[in-house]
Amino acid sequence: MATNQTFTMIKPDAVEAGHTGAIIKLIEEAGFRIVAMKKTQLTTERAGQFYAVHSERPFYNGLRTYMSSGAIIPMILEKENAVADFRKLIGATNPAQAEEGTIRKLFAKSLEANAIHGSDSDENAAIEGSFFFAGTEQY
Ligand code: IDP
């Protein structure tokens, strides 16, 4: 069953570059309500758990290192059709292929350091949201 929530995190490259405020502004202007948000940093091990689906891919080790290299801003977001609408707002995984005006087109540095995550299904949105937030941290 479709839900109205998705999960995102602003990745280390974008936090380090000072794009947090601009990205949150775009997210809110697109009609998403912030249900939960914090600033934290992943260990390499936790980054590996989050991206376990990619454990056999050649970029997995680099991804774990990059995702634990600095602070991130995880968020749970709410909007009708949240997962699909948010994927549209962030753009393609590779910023070179992302549409104009998307968050990755505006702020990503590379295919790996691509500024922001967005869940790819309602099921993963729920799993990823609970990876970072307890129920009592969601409003
Ligand atoms: P998504 O984040 O758009 O859902 P995924 O294919 O799930 O894309 O990949 C997860 C993350 O892994 C990407 O956002 C990016 O940071 C990184 N990544 C994906 N493909 C590559 C690659 O070929 N080289 C390096 N990093 C990659």
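Residues numbered from 1 in each chain as written. Predicted model: local features only at pLDDT ≥ 70, side-chain atom pairs only at ≥ 80, totals over all residues.

Along the polypeptide, Ser 55 turns up in the loop between helix H3 (44–50) and helix H4 (60–67). Placed 55 residues apart in sequence, Ser 55 and Ser 110 show a C-alpha to C-alpha distance of 20 Å. (Helix = DSSP H or I, 4+ residues; strand = E, 2+ residues; numbered from the N terminus.)

As a further point, take the site of the ligand. Within the structure, the ligand sits among Phe 59, Leu 63, Thr 93, Leu 111, Glu 112, Asn 114, His 117 and Asp 120. Here the shell around the ligand is composed, by residue class, of 3 nonpolar, 3 polar and 2 charged. (Near = placed C-beta within 6 Å. Nonpolar A, V, L, I, M, F, W, Y, C, P; charged D, E, K, R; others polar.)

This part is about the sheet that holds strand S4 (residues 116–118). Pairing is antiparallel across the open sheet formed by 4 strands, whose spatial order is S2-S3-S1-S4. Strands at the two margins of the open sheet, each flanked by one partner only, are strand S2 (33–37) and S4. Mean inter-strand twist for the sheet, computed between neighbouring axes without regard to direction, equals 25°. Pairing between strand S1 (residues 5–10) and strand S3 (residues 73–78): 6 bridges, direction antiparallel. In the strand pairing of S3, Gln 5 is matched with Glu 78. (Pairing = 2+ DSSP bridges. Axes fitted to C-alpha atoms, helices over the stretch in contact; angles between N-to-C directions.)

We now examine the UniProt feature "domain: Nucleoside diphosphate kinase-like" (unreviewed entry) in the chain. The UniProt entry lists residues 3–137 under the feature "domain: Nucleoside diphosphate kinase-like" (unreviewed entry), expressed in the numbering used here. As annotated, residues 3–137 comprises 41% helix and 15% strand, and the C-alpha atoms at either end are separated by 19 Å. (UniProt positions renumbered as here; feature names shortened; annotations may be inferred.)

One non-glycine residue, Asn 81, adopts positive backbone phi at about 60°. Asn 81 sits in the exposed class, given 11 other C-beta atoms within 10 Å. With phi around 75°, Ala 115 is a residue other than glycine that occupies positive phi space. Topologically, Ala 115 is positioned in the loop between helix H6 (103–107) and S4. For Ala 115, a count of 26 C-beta atoms within 10 Å corresponds to the buried category. (Buried ≥ 20, exposed ≤ 12 C-beta atoms within 10 Å, placed from the backbone.)

What follows concerns the nonpolar core. Core analysis: the largest hydrophobic core is formed by 27 residues, its most contacted members being Ile 23, Leu 77, Phe 86, Ile 103 and Ile 116. Elements that contribute at least two residues to this core include exactly S1, helix H2 (20–29), H3, S3, helix H5 (82–90) and H6. Sorting elements by how many residues they give to this core places H5 first, with 5 residues. Not counting residues within four places of it along the chain, the set of residues in contact with Ile 23 comprises Ile 10, Ala 14, Ile 103, Phe 107 and Ile 116. (Core = buried A, V, L, I, M, F, W, Y, C linked by C-beta atoms within 7 Å. Contact = placed C-beta atoms within 7 Å.)

Those places that UniProt annotates as "binding site: ATP" (unreviewed entry) correspond, in this numbering, to Lys 11, Phe 59, Arg 87, Thr 93, Arg 104 and Asn 114. By C-beta crowding, Phe 59 is classed as exposed, having 12 other C-beta atoms within 10 Å. The topology assignment puts Arg 87 in helix H5. Setting aside anything within four residues of it in sequence, one finds Arg 87 in contact with Gly 118 and Asp 120.

Here we come to the environment of Ile 76. With respect to the secondary-structure elements, Ile 76 resides in strand S3. Look at Ile 76 and you get buried, because 26 C-beta atoms sit within 10 Å. Taking the C-alpha atoms as reference points, Ile 76 and Asp 13, separated by 63 residues in sequence, lie 20 Å from one another. Apart from the residues lying within four places of it in its own chain, the contact partners of Ile 76 are Gln 5, Phe 7, Val 35, Ala 36, Gly 129, Phe 133 and Gln 138.

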